[in-house]
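Structure assessment
What follows is each chain in one-letter form.
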Amino acid sequence: MTSALMPTYARQPIAFVKGQGCWLYDADGQAYLDALTGIAVCGLGHAHPVVAKAIAEQAETLVHTSNLYQVPLQEALGQALRRVSGMEFCFFSNSGAEANEAAIKLARVFGHQKNIAEPTIIVMENSFHGRTMATLSATGNKKVQIGFEPLVQGFVRVPFDDISAIEQAIAENPNIVAILVEPIQGEGGIRVSKQGFAYLEALRRICDQHDLLLMLDEIQTGNGRTGKYFAYQHTQIKPDVVTTAKGLGNGFPIGACLVQGKARDLFKPGNHGSTYGGTPLACRAALTVVELLEQGPIDNAATVGQYLIASFRDKLADLDVQVNGHGMMIGIRLPRPCAELVGLARDEEKLLLNVTADSVIRLLPTLTLTQSEADEIILRVCRLVRRYLA
Ligand SMILES: *Cc1c(COP(=O)(O)O)cnc(C)c1O
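Residues numbered from 1 in each chain as written. Predicted model: local features only at pLDDT ≥ 70, side-chain atom pairs only at ≥ 80, totals over all residues. Heavy atoms only, no water.

Focus on the side chain of Glu349
As a reminder, the rule being used: By the criteria applied, helices consist of DSSP H or I runs no shorter than four residues and strands consist of E runs no shorter than two, each listed in order from the N terminus. Any pair of nitrogen or oxygen atoms within 3.5 Å is treated as a polar contact; in protein, a donor-acceptor pairing is required on top of that, and neighbouring residues in sequence qualify only through side-chain atoms on both sides. Here, two residues are considered to be in contact whenever any of their heavy atoms come within 4.5 Å of each other.
Residue placement: Glu349 occurs in helix 11 (residues 341-349). Among the polar contacts listed, one links the side chain of Glu349 to the side chain of Arg383, at a separation of 2.7 Å. Not counting residues within four places of it along the chain, the set of residues in contact with Glu349 comprises Leu344, Arg380, Arg383, Leu384 and Arg387.

In structure tokens:
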């Protein structure tokens, strides 16, 4: 029988029927060490018992009522996110791209309030912001855009980690209203600024100086991934807008757009909405995740992530590779394209990973990874890389 699915993905010839922690199992019971966790989604590990119980209980109680009514669990999740982020207000979506759509709309409202008829957002080369029309237009990757022109207007692009390029773009264009940036570029190849998180402080200064919104896409870096709840919390600054999704529901679909400061009062009733966004079920799942993340996994991500990065640097020091990242967001850049490593890792090492930006092995393990599970990832990845580069 031919597949009933549109071929939007070049899927690997494997399916999993069960998961537990950092392990996935196929129908034959073969275990795979999951160093990708559904692309930075299952930070607490697969089939987390507390999250599973919360979802099951809520499903038996109330799944959805719509945003025409009060949704107390949405309020509770909003308060929890306020506490962990220092932001003020939330809008809940069902995905990362939708959270970014809200951010882009906020920037336009902000611009129009300043009487800028064509508000324009500074975005970065090699960025990834999603697959909807506005977010793919913001994305700095031609492969995501080709075939879908005309793109949405209102973006100007500069190189990542180049403050003077941003200053020049602002000087040349009076329509700039915001900067949208990933604190660490994920799909773009785990790119960390040369200044580390001080890059965000520099961006904050520019946004303050020119009255722009600082909008951080923390869809991948959020929810403990880099060893703080949000990556900007490695600094003293706050963005005006932050978006997140991926790890927020540990696999249950939910996204959020959080605002404070200059962006806190931009949306009014009727400006934005979503039928599903913030259902009792999604919010119960996410509320459980946020509470669990605080009870150790984020600190664990910081320490075990540091151990992973240091170990890779040490054990691969004699090879022409570069190890980048922070916490449980790790990239190993190889000297040549290495897409076939995904299949080799899976078949030869029973290890699930991803290759992005052609030549970067991307590891996004569970935040709850133990030292011995980390050692197992190190062993399998190093064996794989050595064989590949031999
Ligand atoms: C995954 C991702 C998105 C898109 O999220 P979806 O849930 O797939 O829409 C946007 N930005 C970043 C940084 C991401 O990693």
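Quick word on the side chain of His48
Quick note on the threshold: Burial classification: accessible surface area is computed with a 1.4 Å probe over protein chains only, and a residue below 20% of its type maximum counts as buried, one above 50% as exposed, and the rest as partly exposed.
By the secondary structure assignment, His48 is in the loop between helix 1 (37-40) and helix 2 (49-59). By relative accessible area, His48 is classed as buried at 18%. If we skip the residues at most four places from it in the chain, His48 touches Asn250 and Leu292.

Thoughts on the sheet that holds strand 12 (residues 329-333)
The condition that has to hold: Here, any two strands with at least 2 DSSP bridges between them count as paired. For helices, the axis comes from a line fit to the C-alpha atoms of the stretch in contact; other axes are also lines fit to C-alpha atoms, and the angle between any two N-to-C directions lies between 0 and 180 degrees.
Spatially, 11-12-15-14 is the arrangement adopted by the 4 strands of the open sheet, whose pairing is antiparallel. The two strands at the open ends of the sheet, each matched to only one other strand, are strand 11 (322-326) and strand 14 (354-356). On average, each strand axis in the sheet is tilted by 25 degrees relative to the strand beside it, whichever way the strands run. Summarising the sheet, strand 12 and strand 15 (residues 360-363) pair through 4 bridges and their orientation is antiparallel. Bridge pairing in strand 15 links Gly331 to Arg362.

Things to note about helix 3 (residues 72-85)
Test applied: One less than the residue count of a helix, multiplied by 1.5 Å, gives the span that helix is expected to have. Directions drawn from the helix axis to the C-beta atoms are what define this arc.
With 14 residues, helix 3 extends 20 Å from end C-alpha to end C-alpha; this agrees with the ideal 20 Å at 1.5 Å per step. All of the buried residues in helix 3 are Leu73, Leu77, Gly78, Ala80, Leu81, Val84 and Ser85. Seen end-on, helix 3 carries its buried residues on one side only, within an arc spanning 165 degrees. The secondary structure elements touched by the buried residues of helix 3 are helix 2, strand 4 (89-93), strand 10 (255-259) and helix 9 (280-294).

Let's talk about the site of the ligand
This is how the line gets drawn: Any residue with a heavy atom positioned within 4 Å of a molecule or strand is treated as near that molecule or strand. Here the open area of atoms and residues is found with the Shrake-Rupley method and a 1.4 Å probe, where only the protein chains shown may cover a residue. The classification used treats Ala, Val, Leu, Ile, Met, Phe, Trp, Tyr, Cys and Pro as nonpolar, Asp, Glu, Lys and Arg as charged, and all other residues, Gly among them, as polar.
Taken together, Ser95, Gly96, Ala97, Asn100, Phe128, His129, Gly130, Glu182, Asp217, Ile219, Gln220 and Lys246 make up the full set of residues adjacent to the ligand. A distance of 2.8 Å is found between an oxygen atom of the ligand and a backbone nitrogen or oxygen belonging to Ala97. For the ligand, a nitrogen atom lies 3.2 Å from a polar atom in the backbone of Phe128. Here the ligand loses 81% of its free accessible area of 390 Å² to cover by the protein chains. Here the shell around the ligand takes 3 residues from helix 4 (residues 96-113), the largest share from any one element. The residue makeup of the shell around the ligand, split by class, is 3 nonpolar, 6 polar and 3 charged.

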